[in-house]
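# A structural walkthrough
Okay, here's what each chain looks like letter by letter:
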Amino acid sequence: MAGNCTNMWESNATVVTYLNVTCELPIRYAQPMYGYVVPFLLVITIIANTLIVVVLSKRHMRTPTNAVLMAMALSDMFTLLFPAPWLFYMYTFGNHYKPLSPVGACYAWNIMNEVIPAMFHTASIWLTLALAVQRYIYVCHAPMARTWCTMPRVLKCVGIIALLATLHQSTRFVDRVYKPLEVRWEDDKVVTVCQHIWANWVTYINLDVYFTFYFCFRVIFVHVVPCVSLVVLNVLLFRAMREAQLKREKLFKENRKNECKRLWDSNCTTLMLIVVVTVFLLVEIPLAVVTVLHIISSSVTEILDYSIANVLILFTNFFIIVSYPINFAIYCGMSRQFRETFKELFVRGTVTTRANGGSSRYSLVNGPRTCTNETVL
């Protein structure tokens, strides 16, 4: 019976469903990826994203752009941190084949491995969209930035995104019930497992209606609209960056060096954020495509082989996890401001040069600009 999703009651030949992790993912891929690679990625992600938060929380780094970047780092870290204990238990320590019990553990597995990560990942997606919109306003509608991109408005936006992401997942906390059930396991031993049934309110609404609405909302507002919007904003930002580069060359010929350097700083910041958004799109678009195909296959016409679909979902989720520490490398590689602050905090003897009594590391829009050939946040 090990590894099966259903168990037959001998007394009345009733088939019941109980929680067994082996049935949820293709284990030949899941165990090496989640059991051996993800723990390593977890350590890297915690270190990298904690460093991002520490650096961006410094007083001279507190700008609207950095507030969004810091919220993104926290969301990505929590997306991986909450399911980590269960990934260790199930895949690293090889307990995936065992039916999970007691009931409290089954609730914890569902909430920590599915609901909360989806909530934080949704927040991360919407925060990335907010970052791109904010940069578009800075670059293409600069006068509006003084009104719409202030720190209080941005913090309010981050709070609203967190609230909406929580509301989006709120029903998933209470849409199922686990009950203890005794079944015969290996060596004909009787063990207690978690029988999974849907909550009364879900069956009252109708299971198909509930999940069709949930996944349609998710496909439209969490995957398709954000991804399409980010592609469009990336194209617009790249076009604006090219126009600014032409303008910069003209200013350089006119020997207007200060304005030339400001445009260069602006372009570097825009380029860095384009790279951040592009990395995000590379890992999110495949998941969006698989989710759309799942909706079509389950509600319109069956077009998916779910044995293949589960493998695709496993790999897309894994590459999303791989992308979490990449932003730290992007900031270090493309932002002199970030590197200077990092070295000042963690490298003994490093002193950042300040001019005219002020820091040389303020945000492009929200404070004095630096004269550097690399981006300032």
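Being a predicted model, the structure only gives us computed values, none of them experimental.

### Re the UniProt feature "transmembrane region" (unreviewed entry) in the protein
Per the UniProt annotation, the sites labelled "transmembrane region" (unreviewed entry) are residues 34–56, 68–91, 111–133, 154–171, 211–238, 271–296 and 308–333. End C-alpha atoms of residues 34–56 are separated by 30 Å, and the span's content is 100% helix alongside 0% strand. Segment residues 271–296 splits into 100% helix and 0% strand. End C-alpha atoms: 36 Å apart.

### A look at the state of the cysteines
Evaluated as defined, the whole model comprises 1 disulfide. In this model, Cys106 is linked to Cys194 through a disulfide, with the two sulfur atoms separated by 1.9 Å. On the sign convention where negative means left-handed, the S-S torsion of about 85° between Cys106 and Cys194 marks this disulfide as right-handed. Pair noted here: Cys106 is in helix 4 (residues 103–140) and Cys194 is in strand 4 (residues 190–198), with a separation of 88 residues, a long-range link. Across the pair, Cys194 and Cys106 agree in class, each one buried.

### Topic: the environment of Asp305
Counting through the fold element by element, Asp305 comes out in the loop between helix 9 (257–299) and helix 10 (306–323). Residue Asp305 is classed as partly exposed on the basis of its relative accessible area, which comes to 42%. Taking the C-alpha atoms as reference points, Asp305 and His294, 11 residues apart in sequence, are found 9.8 Å from one another.

### What about the packing of aromatic side chains?
Taken as a whole and assessed by the stated rule, the structure comprises 19 aromatic pairs. Aromatic side chains Phe318 and Phe319 sit 5.8 Å apart centroid to centroid with 65° between the ring planes, which places their arrangement in the edge-to-face category. Ring geometry for Phe328 versus Phe338: centroids 5.9 Å apart, planes at 80°, classification edge-to-face. In this pair, Phe328 is assigned in helix 11 (residues 326–334) and Phe338 in helix 12 (residues 336–346), connecting sequence segments 10 residues apart. In terms of burial, Phe328 and Phe338 fall into one category: buried. Members of the aromatic cluster, joined through ring pairs, are Trp198, Trp201, Tyr210, Phe211, Tyr214 and Phe215.

### Examining the packing of helix 11 against helix 12
Interaxial distance between helix 11 and helix 12 falls to 5 Å at its minimum, and their mutual angle equals 100°. Taken together, the axes of helix 11 and helix 12 lie roughly perpendicular to each other. Two secondary-structure elements touch here, helix 11 through Phe328, Tyr331, Cys332, Gly333 and Met334 and helix 12 through Arg336, Phe338, Arg339 and Phe342. Here the residues of the contact of helix 11 with helix 12 are counted per class, giving 6 nonpolar, 1 polar and 2 charged.

### Notes on the environment of Lys98
Along the chain, the position of Lys98 falls in the loop between helix 3 (84–92) and helix 4. A sequence separation of 88 residues divides Lys98 from Glu186, and the C-alpha atoms of the two residues are 9.8 Å apart. Excluding residues that lie within four positions of it along the chain, Lys98 makes contacts with Asn20 and Trp185.

### Some details on the pattern of salt bridges
Counted according to the given criterion, the structure contains 3 salt bridges. Between Asp175 and Arg176 there is a salt bridge whose closest N-O contact spans 3.4 Å. A salt bridge links Arg336 to Glu340, with the shortest nitrogen-to-oxygen separation between them at 2.9 Å. Here the residue Arg336 and the residue Glu340 both occupy positions in helix 12, the gap between them amounting to 4 residues, near one helical turn. Assessed through its relative accessible area of 31%, Arg336 is described here as partly exposed.

### What to know about the packing of helix 3 against helix 4
Interaxial distance between helix 3 and helix 4 falls to 9 Å at its minimum, and their mutual angle equals 120°. Our classification of the angle between helix 3 and helix 4 gives oblique. Pair helix 3 / helix 4 crosses with left-handed handedness. Only Ala105, Ala108, Trp109, Met112 and Asn113 of helix 4 make contact with helix 3, whose side of the interface consists of Pro85, Trp86, Leu87 and Met90. Of the residues that constitute the contact of helix 3 with helix 4, the class distribution is 8 nonpolar, 1 polar and no charged.

### Thoughts on unusual backbone geometry
Between Ser101 and Pro102 the backbone carries a cis peptide bond, its omega angle lying at 0°. Mapped onto the elements of the fold, Pro102 is located in the loop between helix 3 and helix 4.

### Structural notes on a nonpolar patch on the surface
Where nonpolar side chains cluster on the molecular surface, the patch consists of Val174, Trp201, Tyr204, Ile205 and Val209 and spans about 530 Å² of accessible area. Examining the composition of the nonpolar patch, we find that 3 residues originate from one element, helix 7 (residues 200–205), more than from any other.

### Notes on the confidence of the model for the protein
Caution applies to low-pLDDT regions: their predicted coordinates should not be interpreted in detail. Put simply, the protein has an average pLDDT of 84, and 85% of its residues get 70 or more. Element-level mean pLDDT values for the protein span from 41 in strand 1 (residues 6–8) up to 97 in helix 6 (residues 151–170). Across residues 1–13 the pLDDT falls below 50, and counting only partners more than four positions away or on other chains, this stretch makes 37 contacts in the model. Note that residues 354–376 has pLDDT below 50 and, in this model, 70 contacts with residues that lie over four places away or in other chains.

Conventions we followed
- Residues numbered from 1 in each chain as written.
- Predicted model: local features only at pLDDT ≥ 70, side-chain atom pairs only at ≥ 80, totals over all residues.
- Heavy atoms only, no water.
- UniProt positions renumbered as here; feature names shortened; annotations may be inferred.
- Helix = DSSP H or I, 4+ residues; strand = E, 2+ residues; numbered from the N terminus.
- Disulfide = S-S within 2.5 Å.
- Buried < 20%, exposed > 50% of the residue type's maximum accessible area, 1.4 Å probe, protein only.
- Phe/Tyr/Trp six-rings, centres within 6.5 Å; stacked < 30°, edge-to-face > 60°.
- Axes fitted to C-alpha atoms, helices over the stretch in contact; angles between N-to-C directions.
- Parallel < 35°, antiparallel > 145°, perpendicular 65-115°, else oblique.
- Contact = heavy atoms within 4.5 Å.
- Nonpolar A, V, L, I, M, F, W, Y, C, P; charged D, E, K, R; others polar.
- Salt bridge = Lys/Arg side-chain N within 4 Å of Asp/Glu carboxyl O.
- Left-handed = near helix turned anticlockwise from the far one by under 90°.
- Patch = residues over 30% accessible without salt bridge, like charges linked within 9 Å, V, L, I, M, F, W, Y side chains within 5 Å.
- Areas by Shrake-Rupley, 256 points an atom, 1.4 Å probe, with all protein chains shown as cover.
- pLDDT = per-residue confidence, 0-100.

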